[in-house]
Amino acid sequence: MASINTFTSTNCGSSIGTATGGPMLPGSALVSINGSTDLSQCIKGDGGSYVQKISIESYEGDVYTNKIVVTGCGPSGMGNRSDFTFTMSGGEAVTLSIASTSLEDHTVKCKTTGLVQIGWNLKDQ
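Residues numbered from 1 in each chain as written. Predicted model: local features only at pLDDT ≥ 70, side-chain atom pairs only at ≥ 80, totals over all residues. Heavy atoms only, no water.

S.K.: Can you explain the state of the cysteines? Please cite residues and give values.
M.R.: This structure, assessed with the given rule, holds one disulfide. With its sulfur 2.0 Å from that of its partner, C12 forms a disulfide with C42. Measuring the twist about the S-S bond at about -80°, one finds the C12-C42 disulfide to be left-handed. Here C12, found in the loop between β1 (6-8) and β2 (16-24), pairs with C42, found in the loop between β3 (32-33) and β4 (50-58); they are 30 residues apart in sequence, far enough to count as distant. You can call C12 partly exposed: its relative accessible area is 32%. Cysteine C73 remains unbridged, with the sulfur of C42 as its closest cysteine sulfur at 15 Å. (Disulfide = S-S within 2.5 Å. Helix = DSSP H or I, 4+ residues; strand = E, 2+ residues; numbered from the N terminus. Buried < 20%, exposed > 50% of the residue type's maximum accessible area, 1.4 Å probe, protein only.)

S.K.: Can you explain the packing of aromatic side chains? Please cite residues and give values.
M.R.: Under the definition given, this model contains one aromatic pair. Seen in terms of ring centroids, F84 and F86 are 6.2 Å apart; in terms of plane orientation they differ by 15°. Their pairing is stacked. Residue F84 shares its accessibility class with F86, and that shared class is buried. (Phe/Tyr/Trp six-rings, centres within 6.5 Å; stacked < 30°, edge-to-face > 60°.)

S.K.: Mind laying out the side chain of N66, listing which residues take part and the relevant values?
M.R.: Locating N66 in the fold gives a position in strand β5 (residues 66-73). Classification of N66 by relative accessible area gives buried; the value is 5%. For N66, the side chain forms a polar contact with the main-chain oxygen of T112, separated by 3.1 Å. Setting aside anything within four residues of it in sequence, one finds N66 in contact with P26, I56, E57, S58, Y59, V108, K109, C110, K111, T112 and T113. (Polar contact = N/O pair within 3.5 Å; in protein donor to acceptor, adjacent residues only side chain to side chain. Contact = heavy atoms within 4.5 Å.)

S.K.: Which residues make up the sheet that holds β2, and what values do they have?
M.R.: Pairing is mixed in the open sheet, where six strands are placed in the order β3-β1-β2-β9-β6-β7. The strands lining the two open edges of the sheet, one partner per strand, are β3 and β7 (93-98). By the bridge criterion, two bridges tie β1 to β2 in an arrangement that is antiparallel. The residue bridging F7 from the neighbouring strand is G21, located in β2. (Pairing = 2+ DSSP bridges.)

S.K.: Any details on the environment of G72? Residues and values, ideally.
M.R.: Along the polypeptide, G72 turns up in strand β5. On the basis of relative accessible area, G72 is assigned to the buried category, the value being 0%. Separated by 48 residues in the primary sequence, G72 and M24 place their C-alpha atoms 19 Å from one another. When residues no more than four places from it in sequence are discounted, the contact partners of G72 are Y50, V51, Q52, S102, L103, E104 and H106.

S.K.: Before we move on, can you summarise the environment of Q41 with the specific residues and values?
M.R.: Following the sequence through the fold, Q41 ends up in the loop between β3 and β4. A residue is classified by how much of its surface remains accessible, and Q41, at 55% relative accessible area, is exposed. When the C-alpha positions of Q41 and C12 are compared, they lie 7.1 Å apart, and in sequence the two are 29 residues distant. Contact partners of Q41, with chain neighbours within four places excluded, come to C12 and G13. Only 3.3 Å separates the side chain of Q41 from the side chain of K44, close enough to count as a polar contact.

Shown next as C-alpha cells:
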C-alpha cells in the first residue's frame, strides 16, 4: 500500500469538521488538507485553538506500533479543550484532547496504520 498524505475537507475554517483521504503511513510527509500542509487556516476553532501540522510516525511499543503527532494548541478558558478522532484504514479510531494553550506537539498512539480520516471539534466545551 502506497502512502498518500493528501486529504480533503469541506469544513475548513469550521470549528467542527472532518477531512478524508490517505491512507497515510508512518514516515510520510505531513498531512495536507486541500493542498496545504499548514493546517492553521483549516483546523481552527473557538478560543484561539488551531492545528499547525499532523504527522504519523512509527512507535516501538509492545501494543502500539504508530503514533499520530498533532502540533497545535487548545482553546483559552478554564476547562475548554479541542477533541480529535483519527480513523485508520482497518477501522481503528483513536482520540486525542488538547487543553494546553501553548503551541506544542501532542501525541496519540495507535495499533494499526493507514490514516484515512481526521475529525475535529474545536468548539468551546
